2 protein chains.
Amino acid sequence: MPKLLILTQEPKEYLNLIQQADLPNLEIFTEFNADCDVVFGDTLRIKEALPRLTNLKWVQTTSAGVERLMEPALRRDYTLTNARDVFGESMSEYVFGYMLYYKKRIMERQHAQQNKQWDNADGGVLRGKTLGLLGVGSIGAHLAMTAKHFRMNVWGYTRNSETSSHVDKYFHPSTLESDSLLSFAKGLDYLVVVLPKTDGTTKIVDANLLNTLPPHALLVNVGRGNAVDESALVNALTQNKLAAAVLDVTEPEPLPQTHPFWTTPNLLLTFHTSALSYPDDMARLFIENYRLYAEGKPLKYQVDFERGY
Amino acid sequence: MPKLLILTQEPKEYLNLIQQADLPNLEIFTEFNADCDVVFGDTLRIKEALPRLTNLKWVQTTSAGVERLMEPALRRDYTLTNARDVFGESMSEYVFGYMLYYKKRIMERQHAQQNKQWDNADGGVLRGKTLGLLGVGSIGAHLAMTAKHFRMNVWGYTRNSETSSHVDKYFHPSTLESDSLLSFAKGLDYLVVVLPKTDGTTKIVDANLLNTLPPHALLVNVGRGNAVDESALVNALTQNKLAAAVLDVTEPEPLPQTHPFWTTPNLLLTFHTSALSYPDDMARLFIENYRLYAEGKPLKYQVDFERGY
């Protein structure tokens, strides 16, 4: 009989949710048990437990990012599945919330009200503007769908996949890698970074890319902090080469009190809140995958240890 | 041959757009000509010209609101069509921009950043929350569609129509009118007012309704200012019976400097900017209707003088 170990902050809540599904032949543990073949939880707790699990077959994470489990010293003799198709909706609310915050001039209108000025200047509409997705996985695909709801143009930059039908135009690295990325950047009103943390994504948003974006562009990073070259971003914002940046992710988290991001003009920090893991969603995802596991079928959302996502 | 009089702020821009459509048998005037049978423009200019048009058959407005042309002293011996199906998209951007502004705690996160506090408290998601539409015409129907994109529940209060399939639950005035409206209000997280200005809509958002909304609810008025009882709203916000109100419309516009709305806590004014009339959209709408007119077919978007919208 499969043995499941739950490694989350609130294991009892997950236990209840999974028990309600009445899964056949499953013994569930909320305290460490070395004999468990299945583990469901967050990457920090899983990473700590990995070396001691003697019978491990499958790990399901509650997060999309799994870079902690990619470290070279860690074992890779198990199937790793991450959380996908659950963060897209929350990410859309967050990303479009911030895009509309700027587009609708919400701050400027409040300042006008404070000064009793009837400020009816038009901020324009998202419709017809171009959103660029740096990375088009399941989250990027959902953002593309929301952008289409608002009748925007959607461009996507990916290594090679073209999975979302809501992306109007794809860009891929060419032999002249920077050219392709800069052609992509040049035409954007909004750049949303949705990349996983891998060696290949570190500082992909560098001075070159930031200088290529139109000066009215808004940068939003909801992927991982490593993607952004910090000093290049501080320079670009300080020199008004970019309208604003909204960073949900940084390195490290939390940021130290002395970090320049706290006080960079037109830079908003949102403290890794863009898509929280809700137990209902995560338990549903685990249950769905467990049914496949119990039947010996291939699992959904498998991570490729070579690619790192 | 039909004669068109354009009565807008930028008649040359509209003239160009309409000429590009190469409409058959149409003579176009941008200066007043009493002989014109067709008028296209804004209600303020149309109202002034009405008495002097000797051959008037059809008026197309560039706005959704036509209350200026409903005044009892004015003639009604022509077909009046207003602008519909063009403001829904802009209204959705505006309404969801403000809903997400509050839901994503955009202001609070900025205050946290100013204080160098890592504020990752969860504000929650729109998904699963209930949006109530007071009025479900073409704008309300578009808002309902966007709410469904974000997987919200949508309730609608209308006189009797049930035209949008994106509304989960309709409420109508019953013999006990207030009961039905209050049952509607009681279950809402968001109340969006999209009513035209008529005798029947004046102060429909009164103390009773405001006290019935849950205290965490957000009120957004994108219809007409007459719908809201001003002192009741000021009281409700001052006494925290309502989380916040976003008013795009007021009476009068602009508001006098002494009006309490300027300084009411948690009340945001946006100065009638939620859905501006863009010449491209308006010209397209006129051209579409003109083709029907030229063929003697019934026009789209006809206003009922009795109902007032």
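Above: the structure in question.
Residues numbered from 1 in each chain as written. Chains lettered and ligands numbered in written order. Predicted model: local features only at pLDDT ≥ 70, side-chain atom pairs only at ≥ 80, totals over all residues.

> Teacher, can you tell me more about the nonpolar core here?
Side chains of a nonpolar character, in soluble globular proteins, are inclined to be buried together. Val192(A) and Val192(B) are the most contacted members of the largest nonpolar core, which has 184 residues in total. Setting aside chain neighbours within four positions, we find Val192(A) in contact with Val95(A), Leu131(A), Leu133(A), Leu134(A), Leu143(A), Val220(A) and Val222(A). (Core = buried A, V, L, I, M, F, W, Y, C linked by C-beta atoms within 7 Å. Buried ≥ 20, exposed ≤ 12 C-beta atoms within 10 Å, placed from the backbone. Contact = placed C-beta atoms within 7 Å.)

> Teacher, can you tell me more about the sheet that holds strand β5 (residues 79-81) of chain A here?
Within a sheet, adjacent strands bond to each other through the backbone by hydrogen bonds, running parallel or antiparallel. Residues and elements named next belong to chain A. Pairing is parallel across the open sheet formed by 5 strands, whose spatial order is β2-β1-β3-β4-β5. Either end of the sheet is taken by a strand with one partner, and the two such strands are β2 (27-29) and β5. With direction set aside, neighbouring strand axes in the sheet form an average angle of 20°. By the bridge criterion, 4 bridges tie strand β1 (residues 3-7) to strand β3 (residues 38-41) in an arrangement that is parallel. Residue pairing across strands places isoleucine 6 opposite phenylalanine 40, the latter belonging to β3. (Pairing = 2+ DSSP bridges. Helix = DSSP H or I, 4+ residues; strand = E, 2+ residues; numbered from the N terminus. Axes fitted to C-alpha atoms, helices over the stretch in contact; angles between N-to-C directions.)

> It is not clear to me how the interface of chain A and chain B should be interpreted in this structure. Could you clarify?
Accessible area lost during the coming together of the parts is what is often quoted as the interface size. Of the residues lining the interface, 36 residues belong to chain A; the matching set on chain B comes to 36 residues. Listing elements by their share of the side of chain A that touches chain B, those giving two or more residues are α3 (88-103), α4 (106-114), α5 (138-149) and β12 (267-269) of chain A. Of the residues forming the side of chain A that touches chain B, the biggest block, 9 residues, is contributed by α3(A). Residues that form the side of chain A that touches chain B fall into these classes: 15 nonpolar, 11 polar and 10 charged. (Nonpolar A, V, L, I, M, F, W, Y, C, P; charged D, E, K, R; others polar.)

> Explain the packing of helix α1 (residues 11-20) of chain B against helix α9 (residues 279-294) of chain B here, please?
When two helices pack together, their arrangement is given by the angle between the helix axes and the distance between those axes. All names here are of chain B. Relative orientation of the contacting elements α1 and α9 amounts to 50°, with a least axis distance of 10 Å. Relative to α9, the element α1 is oriented oblique. Remark: the crossing between α1 and α9 carries right-handed chirality. Here Glu13, Tyr14, Leu17 and Ile18 of α1 lie close against α9, whose contacting residues are Pro279, Asp280, Ala283, Phe286 and Ile287. Residues of the contact of α1 with α9, tallied by class, amount to 7 nonpolar, no polar and 2 charged. (Parallel < 35°, antiparallel > 145°, perpendicular 65-115°, else oblique. Left-handed = near helix turned anticlockwise from the far one by under 90°.)

> Is there a simple way to think about the sheet that holds strand β2 (residues 27-29) of chain B in this case?
Residue and element names in this part refer to chain B. Pairing is parallel in the open sheet, where 5 strands are placed in the order β2-β1-β3-β4-β5. The open sheet has two edge strands, β2 and β5 (79-81), and neither has a second partner. Pairwise comparison of adjacent strand axes, ignoring direction, gives a mean angle of 20° for this sheet. Here strand β4 (residues 58-61) runs beside β5; their pairing, made up of 3 bridges, is parallel. By the bridge assignment for β5, tryptophan 58 is matched with threonine 79. The strands that α9 touches are β3 (38-41), β4 and β5; relative to β4, the one it contacts most, it runs at about 165°.

In short, shape yes, function no, at least from these values alone.
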